[in-house]
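# Coordinate inspection notes
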Protein chains: 2
Amino acid sequence: MAEVLIIEDDDRIRPLLVKALRELGHTVTSAPSGMAGLQLAVDSSPDLVVLDLGLPDVDGTQVLSMLRAVSQVPVIIASARDDDPSLVGALDAGADDYVVKPFTSAQLDARVRAVLRRVESGRERPATITVGGLVVDLAGRRVHLDDREVELTPREFDLLAHLAERPGEVVTKRDLLVEVWRQPWGGSDKTVDVHLSWLRRKLGETAAAPRYLTTVRGVGVRLAVPEDG
Amino acid sequence: MAEVLIIEDDDRIRPLLVKALRELGHTVTSAPSGMAGLQLAVDSSPDLVVLDLGLPDVDGTQVLSMLRAVSQVPVIIASARDDDPSLVGALDAGADDYVVKPFTSAQLDARVRAVLRRVESGRERPATITVGGLVVDLAGRRVHLDDREVELTPREFDLLAHLAERPGEVVTKRDLLVEVWRQPWGGSDKTVDVHLSWLRRKLGETAAAPRYLTTVRGVGVRLAVPEDG
DNA sequence: GCGGTGGTTAAGGGAGCGCTAAGGCGGACG
DNA sequence: CGTCCGCCTTAGCGCTCCCTTAACCACCGC
């Protein structure tokens, strides 16, 4: 499933955690101290960290702060301290969840999966992109404008899709030539202009009266929702 | 901060939650039953949902499932049931966190912020710089002043962006000619003056009554928040 | 009062862009 | 194998917009 790093000093608990998570299908590494854990976190870049607050060398909150300085890896705090200040402090230091010892492996597993699910969902690339009344189906290579299908040529679709993946962002013609036309060496900006013109026509707009496609003079073009209805 | 929906049937607890979260700066709506909550979640599309498990009409887990069928909104379960099956079941049904009643408002707030932080970090971060009521969208090359869009020419935008990247710092005209105009050899300072004048006009200020753009005679110009309102 | 710095407006010219048209390439089909 | 058709590229024209330069004025310091 995922690569999990456990930072826990207690020699009785650590093996239990490792074993429990391994049985649930995760790849598990572990460290018995804060500094060793940080080292491992940097070296092996795990998908998730389970961090004990009561470590012998450095306070767990400090480990978390140092970890956050270099990584966005999700962290679940496992702590014996069942009081508000500890919990609030840990969450505000950047932890994603807080579980109080003793806990069951079932609970830890559920929390691990909940955190990982949330992280994954953020990375997911949607199959369709919607920008206002414009729906771009990347997999099916179809485009609908106000629920009516618009027929695009391959280049036109690639161009629109590339812009739709960056809504609101200005993309230069050079970038488009590189990314859409796959011509890092050269190619004429005019080619992009022409395709943009055709695209605009099929989307029922013109450069003078833009709706979704706005050209930014001297820079490039931007796909965005119209300012007003 | 964020728009939060609370689904909780207990007439004593619900107002307390609403009040607590409002005091922390969130916009809060609430519903006393599962179906009413679902309706609200669909209609108002909140940024986060706090869901009670023990509802009168429908079981909280079912509400969560139905909610997940139509929305990816993060959900924090608030429940009196402090047992593993409830917690695991809720998390596996798609909840993001689980907090056991009774809990303090500090703890709820910390958990709310932790969940929102994780969701936010997953989204693409629009590289914008905010200086007072001035918002500069670098990627989109757009500028908003007091929530109203300001149309700038390419040079004007580059000039403003360069200054916005160094808020409070005085930049010399020579630096601007080098960095913005890309003319290390020469070019006239007057060009900068002219563009600054136009920029000031579009930002609704004048050199005599500056707001964001302050010239430091003999040195250069600085972009900063106005001293007072 | 005088030089210098900065603010503003006006005008000219040039660069970038929109759009049309034509040529060429490749694939489909007979 | 030849023809046709769709799509992409290149070329060209006209236009708009914006950048620069110039000129004038106001202000500050000496």
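What this report covers is the structure whose coordinates are included nearby. (Residues numbered from 1 in each chain as written. Chains lettered and ligands numbered in written order. Predicted model: local features only at pLDDT ≥ 70, side-chain atom pairs only at ≥ 80, totals over all residues.)

Within chain A, the secondary structure is distributed over eight helices and twelve strands. Contacts spanning at least 24 positions in sequence make up 50% of the contacts within chain A whose residues lie at least 6 apart. (Helix = DSSP H or I, 4+ residues; strand = E, 2+ residues; numbered from the N terminus. Contact = placed C-beta atoms within 7 Å.)

The environment of DNA strand D is formed by 20 residues, the closest being T153 and R155 of chain A together with T153, P154 and R155 of chain B. Of all the elements in the fold, those that place two or more residues in the surface near DNA strand D are α6 (154-164) and α8 (189-202) of chain A together with α6 (154-164) and α8 (189-202) of chain B. (Near = placed C-beta within 6 Å.)

Attention shifts here to the protein's contact with DNA strand C. Near DNA strand C lie 26 residues; those nearest to it are T206, A207 and T215 of chain A together with S197 and A207 of chain B. Those elements that place two or more of their residues in the surface near DNA strand C are α8 of chain A together with α8 of chain B. Residue contributions to the surface near DNA strand C peak at eight residues, all from α8 of chain B. Its residues assigned to classes, the surface near DNA strand C shows seven nonpolar, eight polar and eleven charged. (Nonpolar A, V, L, I, M, F, W, Y, C, P; charged D, E, K, R; others polar.)

Listed per partner, the contact involves 24 residues of chain B and 28 residues of chain A. The set of elements that each furnish at least two residues to the side of chain B that touches chain A consists of α4 (84-92) and α5 (105-122) of chain B. With nine residues, the single largest contributor to the side of chain B that touches chain A is α5 of chain B. Considered class by class, the residues forming the side of chain B that touches chain A number nine nonpolar, six polar and nine charged.

Quick look at the environment of G25 of chain B now. In this fold, G25 of chain B is placed in the loop between α1 (13-23) and β2 (27-31). As a C-alpha pair, G25 of chain B and M1 of chain B span 24 residues in sequence and 5.8 Å in three-dimensional space.

Attention shifts here to the pairing of strand β12 (residues 220-223) of chain A. Both faces of the sheet carry side chains from a regular strand, because those side chains alternate between them. Residues and elements named next belong to chain A. Across three bridges, strand β10 (residues 170-172) lies against β12 in antiparallel orientation. Bridge pairing links V170 to R222 in β12. Hairpin connection between strand β11 (residues 213-216) and β12: a loop of three residues separates the two successive antiparallel strands, and G218 in this loop has a positive phi of roughly 80°. (Pairing = 2+ DSSP bridges.)

Moving on, we come to the sheet that holds strand β6 (residues 128-131) of chain A. Residues and elements named next belong to chain A. Ordered in space as β6-β7-β8-β9, the four strands form an open sheet in which the pairing is antiparallel. The sheet is open, and its two edges are formed by β6 and β9 (148-150), each paired on a single side. Mean inter-strand twist for the sheet, computed between neighbouring axes without regard to direction, equals 25°. Looking at chain direction, strand β7 (residues 134-137) and strand β8 (residues 142-145) are connected through four bridges and run antiparallel. (Axes fitted to C-alpha atoms, helices over the stretch in contact; angles between N-to-C directions.)

Moving on: α8 of chain A. Residues and elements named next belong to chain A. Relative to the 20 Å expected for 14 residues at 1.5 Å per residue, α8 spans 20 Å between its end C-alpha atoms, a close match to the ideal helical length. Burial in α8 covers these residues: V192, L196 and L199. Along the long axis of α8, the arc covered by the buried residues comes to 60°, so they all point the same way. With respect to the buried face of α8, the exposed residues turned more than 90 degrees away are K190, V194 and R201. On the buried face of α8, the contacting elements are α6, α7 (173-179), β11 and β12. With its phi angle positive at about 70°, G204 sits one or two positions after the end of α8. (Expected span 1.5 Å × (residues − 1). Buried ≥ 20, exposed ≤ 12 C-beta atoms within 10 Å, placed from the backbone. Arc of directions from axis to C-beta.)

Residues and elements named next belong to chain A. Put simply, α6 and α8 touch, their axes get as near as 10 Å, and they point 90° apart. Relative to α8, the element α6 is oriented roughly perpendicular. The segment α6 lies against α8, with R155, E156, L159 and L160 engaging H195, W198 and L199. When grouped by side-chain class, the residues that make up the contact of α6 with α8 number four nonpolar, one polar and two charged. (Parallel < 35°, antiparallel > 145°, perpendicular 65-115°, else oblique.)

A few words on the sheet that holds strand β10 (residues 170-172) of chain B. Residues and elements named next belong to chain B. Strands sit in the order β10-β12-β11 across an open sheet of three strands; the sheet is antiparallel. Edge strands, defined here as strands with exactly one partner in the open sheet, are β10 and β11 (213-216). Averaged over all pairs of adjacent strands, the angle between their axes in this sheet comes to 30°, without regard to strand direction.

Residue and element names in this part refer to chain A. At their nearest, the axes of helix α2 (residues 34-44) and helix α3 (residues 60-70) sit 10 Å apart, and the two run at 20° to each other. The pairing of α2 with α3 is recorded here as roughly parallel in orientation. Between α2 and α3 the crossing geometry is right-handed. Packed against α2, whose contacting residues are G34, G37, L38, A41 and V42, the element α3 presents V63, M66, L67 and V70 at the interface. (Left-handed = near helix turned anticlockwise from the far one by under 90°.)

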